[in-house]
Protein chains: 2
Amino acid sequence: MRVEVGLLGESVGRLAEVGASPVGGGTRLALGGAARAGRDLVRGWMEAAGLRVRVDDFGNMVGRRDGAEEGPAVLLGSHCDSVRRGGRFDGALGVLGALEVVRALNDHGVTTRRPLEVVNWTNEEGVRFEPAMMCSGAVSGRFAKDYVYGRTDRDGRRFADELRRIGYLGREADRPAPPAAYLELHVEQGPVLEAAGLPVGVVEGIVGITWLEATVEGRADHAGPSPMRLRRDALAAAARLVSGVEELAHRLTDAVATVGRLAVEPNVINTIPGKVVMSVDLRHPSPEGLETLVAGLEKLVWEVEARTKVHIALDRFWTSEPTSFDPGTLDAVRAACEGLGLPFGRLWSGAGHDAKYLQDVCPSAMIFVRSAGGLSHCEEEYSTPEDVEAGANVLLHAAVRLAGTV
Amino acid sequence: MRVEVGLLGESVGRLAEVGASPVGGGTRLALGGAARAGRDLVRGWMEAAGLRVRVDDFGNMVGRRDGAEEGPAVLLGSHCDSVRRGGRFDGALGVLGALEVVRALNDHGVTTRRPLEVVNWTNEEGVRFEPAMMCSGAVSGRFAKDYVYGRTDRDGRRFADELRRIGYLGREADRPAPPAAYLELHVEQGPVLEAAGLPVGVVEGIVGITWLEATVEGRADHAGPSPMRLRRDALAAAARLVSGVEELAHRLTDAVATVGRLAVEPNVINTIPGKVVMSVDLRHPSPEGLETLVAGLEKLVWEVEARTKVHIALDRFWTSEPTSFDPGTLDAVRAACEGLGLPFGRLWSGAGHDAKYLQDVCPSAMIFVRSAGGLSHCEEEYSTPEDVEAGANVLLHAAVRLAGTV
């Protein structure tokens, strides 16, 4: 029993036409017009595949295929919203791959023991309404309904109003019940599988992430008449921090650390910078590793203060703890890869996914498909048909292992 | 014979009231309403001190006190325009100090051998109309009349139109004739004299300045799924450049180097920076020193490219060559300090001044007055009455030495 890439590629391509840009990517921000059109397409495909579709009070769409037994379903899915000018596979692959699994089971007349459900989570990207992974988080108990309903986009439009406007405000009773297991197929969005020459990866967990803001206060002065030894240059000090942050990650296996945002004041060619505000993004698979990075950063701040004449304030304002996926569910994914004769990598996801919150309520795991150049969140995102097919077949066979057959 | 600080402080204070802000500084942008009111005040004071005032075709105001002989005058002055919310001494001290020199000569009935002239140069700051030191540059042959007249402010108003509007468009024949010598009294705008505990400084020249822009091209990627060794982080590379630029200046005596402006793209907390554009401002008193700094920067760029995976483009877009002041004129300033029993420093100006262009056409020198905290171009700019008086007396006695008495 196999998923064929032809049909999957066709549905991915047709969904990508909704909100498409001329150069291959597209924009389907959560609850916008293109997102609604995409939902309508997916609902039609779900129904055509024989799924009974319901929509919950967060707009999460669930299509159910009965099993031989009652009880918790094996849930497969991801999201169909996108970033601005994003790629065609990010999210969509997990939803449409799950739909392809259902079609393959239908084609082969297979009845699973447990029910199967396909889910399209609302607002995974968090681009239009923050935070990300909002509605998988809501049904997993992370976010209160009032909180989610009150989130606004940059034009002040409320989540709940927009959900009603596009016709996807359903009932609380139609939320996915706590599943027997959750599987999410997704593009890697990073270069690890490509560098290792592997088509698919078994995702063992989602790294812990912590975000900090460092404010470096020096003294703005005329760049000419201020001798080097008398300066309090905030940017020169910030540069030591940036280099130090990079070193922290190089010193600890599996760590990444990034200064992505940095603003200089007054930012004038002939004025010594008086102030720099910069972000620090630290990630590690283990809670201990994450705290080691934070402690390293704090030490770095003291060292830079001691060697320069600036003051540095550090504010740790957000943390997402590391999540290890379920060993039994991971076993099913690995067994599926081995059964298909597919070489596979084992890796951690450096980015958040809906599966992170699902692991709070049920055994979960993810499957990654190799990303060309590791590129994602851009129109250049690409995975080959062969890799996409490999990933979808891992999803199929892992799902069958978890759901059982009669 | 001495200048008393009381009268000088009074005229500085009254000029500062024009365009004043509530916290001690003020704004008199070139050719604006406050600048016109300031000019009117200064013209009145010049005339009251017996000077014959003329205005040239760039709005430069010259007040003449005849000497016993005809021939080139000794010219004393600076500028009365200011930056936005600048201090009360920057520029004004040089014009009003020169006026005080005239009053002291009048009070003591001294006739100089050479004529004395007091000048108020138009648009030294270059804030409203670029470039800086525009009208001392124009009469010294640096800038063509058409070029100066056609310069526009950010609202598109032309220099020539604004000069006519405020009533200060004079005749080409009234430009200051090439002087016998030029002396400019100015606040230091830096911390050197304060750090050395000296009230005044003999300014031996104006450093050479060169401005470059470095464009660092890496690759924007998601901060999570990109392992450190596979990144092309433009900001991490730029941080090495910033640190390297600082080191370049520390390695070469009398050098300063500043990265004042730095912009990150896309400047998002969880995206590895793909591009950084940054300025580099290099300064040194000697042409060789300046080129050593540039060569050091070029080597640094190669090193950073070799150690990272970014590409760096370097564009050197502006250079102002170093200017050494005239040894004989500097001797007169030093002798004046010694005659007054004043301890003095010798230093180079890290910033441009009108005297730079005057040195092209006549022997020139400058006198610096200690700046509290080295602060300038801000409302906190301050020099003590004692230091201001010391500087004005150096100007008086150096002028007398250069002009001679009968």
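Residues numbered from 1 in each chain as written. Chains lettered and ligands numbered in written order. Predicted model: local features only at pLDDT ≥ 70, side-chain atom pairs only at ≥ 80, totals over all residues. Heavy atoms only, no water.

Undergrad: Before we move on, could you go through the interface of chain A and chain B and cite the residues and values that matter?
TA: Residue-level contacts link 52 residues of chain A with 52 residues of chain B. Carbon and sulfur atoms supply 65% of the area that chain A and chain B bury against each other, a total of about 4,300 Å² over both sides. Counting the surface chain A buries against chain B, the share from its top three residues, A:Pro225, A:Met228 and A:Ile269, is 16%. At the surface where chain A touches chain B, the tally comes to 0 salt bridges. Across the chain A-chain B interface, the total number found is 8 residue pairs in polar contact (both at pLDDT 80 or more). Only α7 (192–196), β8 (221–222), α8 (234–251), β9 (256–258), β10 (262–265), β11 (271–272) and β12 (275–284) of chain A provide two or more residues apiece to the side of chain A that touches chain B. Top contributing element to the side of chain A that touches chain B by residue count: α8(A), with 9 residues. In terms of residue class, the side of chain A that touches chain B is built from 27 nonpolar, 16 polar and 9 charged. (Contact = heavy atoms within 4.5 Å. Buried area = accessible area lost by both parts, 1.4 Å probe. Salt bridge = Lys/Arg side-chain N within 4 Å of Asp/Glu carboxyl O. Polar contact = N/O pair within 3.5 Å; in protein donor to acceptor, adjacent residues only side chain to side chain. Helix = DSSP H or I, 4+ residues; strand = E, 2+ residues; numbered from the N terminus. Nonpolar A, V, L, I, M, F, W, Y, C, P; charged D, E, K, R; others polar.)

Undergrad: Outline the nonpolar core, listing residues and values.
TA: Residues and elements named next belong to chain A. The biggest cluster of nonpolar side chains holds 90 residues, and the ones touching the most others in it are Val42, Leu76, Leu96, Phe159 and Leu183. When residues of this core are assigned to their parent elements, the largest contribution, 11 residues, is made by helix α12 (residues 385–403). For Leu76, the contacting residues outside a window of four places in its chain are Ala98, Val101, Leu116, Glu117, Val118, Val119, Tyr182, Leu183, Leu395 and Ala399. (Core = buried A, V, L, I, M, F, W, Y, C linked by side-chain atoms within 4.5 Å. Buried < 20%, exposed > 50% of the residue type's maximum accessible area, 1.4 Å probe, protein only.)

Undergrad: Kindly report on helix α12 (residues 385–403) of chain B, identifying the contributing residues and their values.
TA: All names here are of chain B. With 19 residues, α12 should cover 27 Å at 1.5 Å per step; its first-to-last C-alpha distance of 27 Å lies within 8% of that length. For α12, the tally of buried residues reaches 15 of 19 residues, placing the bulk of the element in the interior. Of the residues flanking the end of α12, it is Gly404, one or two places downstream, whose phi is positive at about 75 degrees. (Expected span 1.5 Å × (residues − 1).)

Undergrad: If you had to explain the domain arrangement of chain A to someone new, which residues and values would you point to?
TA: Residues and elements named next belong to chain A. Here the domain parsing of chain A yields domain 1 (5–206 + 322–403) and domain 2 (208–320). Using C-alpha coordinates to define each centre, domain 1 is positioned 36 Å away from domain 2. If you look at the interface, domain 1 gives 6 residues, while domain 2 gives 8 residues. Of the roughly 490 Å² buried between domain 1 and domain 2 on both sides combined, carbon and sulfur atoms contribute 62%. Three residues, Pro322, Trp348 and Gly350, lead the burial of domain 1 against domain 2; their summed loss comes to 74% of the area buried on that side. Remark: the boundary between domain 1 and domain 2 carries 0 salt bridges. Each residue belonging to the side of domain 1 that touches domain 2 can be placed in one class, and the counts come to 4 nonpolar, 1 polar and 1 charged. (Domains from an automatic or database assignment.)

Undergrad: Give a detailed account of the side chain of B:Thr258, specifying residues and quantitative values.
TA: Relative to the assigned elements, B:Thr258 resides in strand β9 (residues 256–258). Among the polar contacts made by the side chain of B:Thr258, one reaches the side chain of A:Arg231 at a distance of 2.7 Å. Among residues more than four places away in sequence, those in contact with B:Thr258 are A:Ala223, A:Arg231, A:Thr271, A:Ile272, A:Pro273, B:Val245, B:Ser279, B:Val280 and B:Asp281.

Undergrad: Which residues make up the side chain of B:Ser136, and what values go with them?
TA: All names here are of chain B. Here Ser136 is to be found in helix α4 (residues 134–139). Since its relative accessible area comes to 0%, Ser136 is described here as buried. Here the side chain of Ser136 touches Asp354 through a polar contact of 2.6 Å, side chain to side chain. Among residues more than four places away in sequence, those in contact with Ser136 are Trp121, Asp354, Tyr357 and Leu358.

Undergrad: Describe the packing of helix α2 (residues 33–48) of chain A against helix α3 (residues 92–107) of chain A, listing the residues and the values that go with them.
TA: Residue and element names in this part refer to chain A. As a packed pair, α2 and α3 sit with axes 10 Å apart at the nearest point and diverge in direction by 15 degrees. With respect to α3, the axis of α2 lies roughly parallel. In the crossing of α2 with α3, the sense of the turn from one axis to the other is left-handed. Note on element contacts: α3 touches α2 through Val95, Leu96, Leu99 and Arg103, opposite Val42, Trp45 and Met46. Its residues assigned to classes, the contact of α2 with α3 shows 6 nonpolar, no polar and 1 charged. (Axes fitted to C-alpha atoms, helices over the stretch in contact; angles between N-to-C directions. Parallel < 35°, antiparallel > 145°, perpendicular 65-115°, else oblique. Left-handed = near helix turned anticlockwise from the far one by under 90°.)

Undergrad: Describe in detail the packing of helix α3 (residues 92–107) of chain B against α12(B), supporting the description with residues and values.
TA: All names here are of chain B. For the pair α3 and α12, the least separation of the axes is 9 Å and the interaxial angle reads 60 degrees. On the basis of their axis angle, the class for α3 and α12 is oblique. The two elements α3 and α12 cross, and the hand of that crossing is right-handed. Every residue of α12 that contacts α3 at Leu93, Gly97, Ala98, Val101, Ala104 and Leu105 is listed here: Val388, Ala392, Leu395, Leu396 and Val400. Class assignment for the residues of the contact of α3 with α12 results in 10 nonpolar, 1 polar and no charged.

Undergrad: Give me the lowdown on helix α8 (residues 234–251) of chain B, citing residues and values where you can.
TA: All names here are of chain B. Across its 18 residues, α8 extends 26 Å between first and last C-alpha, which sits within 8% of the 26 Å expected from 1.5 Å per residue. The element α8 is largely enclosed, with a buried count of 14 among its 18 residues. Sitting at the head of α8, Asp233 places a side-chain oxygen 2.9 Å from the backbone nitrogen of Leu235.

Undergrad: Any chance you could break down the relation of the copies chain A and chain B for me, citing the residues and the numbers?
TA: For these two chains of identical sequence, chain A goes onto chain B by a turn of 180 degrees and a shift of 0.2 Å along the axis, with RMSD 0.2 Å. Viewed as a symmetry operation, the transformation between the two copies matches a two-fold axis. Minimal C-alpha distance to the rotation axis in chain A is attained by A:Ala239, lying at 2.2 Å. Interface overlap between copies is the fraction of interface residues in one copy that are interface residues in the other; for chain A against chain B it reaches 100%, indicating a shared surface. (Least-squares fit on C-alpha atoms with pLDDT ≥ 70 in both.)

Undergrad: Explain the packing of aromatic side chains to me, using residue names and the numbers behind them.
TA: The geometry of an aromatic ring pair comes down to the distance between the two centres and the angle between the two planes. One pass over the structure, following the stated rule, counts 14 aromatic pairs over all chains. Considering the side-chain rings of A:Trp121 and A:Tyr182, the 6.2 Å spacing of their centres and the 65 degrees angle between planes classify their relative orientation as edge-to-face. With A:Trp121 in strand β4 (residues 116–121) and A:Tyr182 in strand β5 (residues 181–187), this pair connects stretches of sequence that are 61 residues apart. Residues A:Trp121 and A:Tyr182 agree in their burial class; the two are buried. Look at B:Phe143 and B:Tyr357: their rings are 5.8 Å apart centre to centre, the planes differ by 90 degrees, and that puts the pair in the edge-to-face class. (Phe/Tyr/Trp six-rings, centres within 6.5 Å; stacked < 30°, edge-to-face > 60°.)

Undergrad: Tell me about the pattern of salt bridges, and please be specific about residues and values.
TA: Residue and element names in this part refer to chain A. Tallied over the entire structure, the rule returns 64 salt bridges over all chains. The partner of Arg128 in a salt bridge is Glu162, and the shortest N-O contact between them spans 2.7 Å. On the criterion of sequence distance, the pair formed by Arg128 in the loop between β4 and α4 (134–139) and Glu162 in helix α6 (residues 159–165) is long-range, its members being 34 residues apart. Comparing Arg128 with Glu162, the two get one shared label, buried. Shared partners join several salt bridges into a network, and the residues in it are Arg128, Asp153, Asp155, Arg157, Glu162 and Arg165.

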